[in-house]
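# Observations on the model geometry
This is what each chain is made of:
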Amino acid sequence: MTTYHENLNNRIQHENAILTQENLQDNKNIIIYVSMKKERLGTILEVSESIRDLGYSPNEMIDKNVNILMPPCLRNPHQAQLRVHLETNSSGEKFHTNFKVFARTKAGDVIPCYLYLTICPVFQEEVIYLGLLRPVKTEKEYIIINDQGEIDCYSRSIAEKCKVSDQNALKLADVFLNPDAVIEAVRAANSKAHSTSH
């Protein structure tokens, strides 16, 4: 590990002082430091061990663009937003608040998360964004649709129900135009609602 990364690691304690207690109440947060330097905009500088919850090892994430953790259809808009922040020196309304995002695991599954963002003070002439990404436990299922109306990625449970192992294998018709699947899903939901009401 370089001196740069060691110093970056040491900043975690300093940054924890300005983060909300709610964000720090457990160790499930994935801590991500991202460069806002023009030459490597969006590059991951450091990430916590809890990135393993998304299927990645910390070492393989260093020097990768943070967009790798997003559904493919959101990567270009996100990079464009980073450029706007860089050019306007504006932090935007998303900072210092928890907001919901979708992360993509290494296996390609989409999961909902809460993200808390803050800006580290200038460090070695580089502005660094600090993000706390917290996966949300939920029984809800998600399908992300791209601008072309195609499935971009989806929840693991959907892949299991449709018996597909490749994120590119599932088409909209498989999910929405299969009457048997829709009827089965409605029956399952009604059955669950009935059992919980008694």
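Described below are features of the structure shown in this document. If you're wondering where the values come from, they're calculated on a predicted model, not measured in any experiment.

Cut-offs used in this document
- Residues numbered from 1 in each chain as written.
- Predicted model: local features only at pLDDT ≥ 70, side-chain atom pairs only at ≥ 80, totals over all residues.
- Heavy atoms only, no water.
- Helix = DSSP H or I, 4+ residues; strand = E, 2+ residues; numbered from the N terminus.
- Buried < 20%, exposed > 50% of the residue type's maximum accessible area, 1.4 Å probe, protein only.
- Contact = heavy atoms within 4.5 Å.
- Polar contact = N/O pair within 3.5 Å; in protein donor to acceptor, adjacent residues only side chain to side chain.

## Remarks on unusual backbone geometry
- Backbone geometry at Asp 63 places phi at a positive 70 degrees, although glycine is not the residue there.
- Within the secondary structure, Asp 63 sits in the loop between α2 (58-61) and α3 (72-88).
- Overall, the relative accessible area of 56% leaves Asp 63 in the exposed class.

## With respect to the environment of Tyr 142
- Mapped onto the elements of the fold, Tyr 142 is located in the loop between β5 (126-135) and β6 (143-145).
- Judged by relative accessible area, Tyr 142 falls into the buried class, the value being 14%.
- Through-space distance from the C-alpha of Tyr 142 to that of Arg 156 is 9.0 Å; in sequence the pair is 14 residues apart.
- Each residue touching Tyr 142, except ones within four places of it in the same chain, is listed here: Lys 100, Phe 102, Val 110, Pro 112, Cys 153, Tyr 154, Ser 155 and Ile 158.
- Reaching out from Tyr 142, the side chain makes a polar contact with the side chain of Lys 100 at a distance of 3.4 Å.

## Points about the side chain of Asn 67
- Mapped onto the elements of the fold, Asn 67 is located in the loop between α2 and α3.
- Since its relative accessible area comes to 8%, Asn 67 is described here as buried.
- Side-chain polar atoms of Asn 67 contact the side chain of His 78, separated by 2.6 Å.
- Every residue in contact with Asn 67, bar those within four places of it in the chain, is listed here: Arg 75, His 78 and Gln 79.

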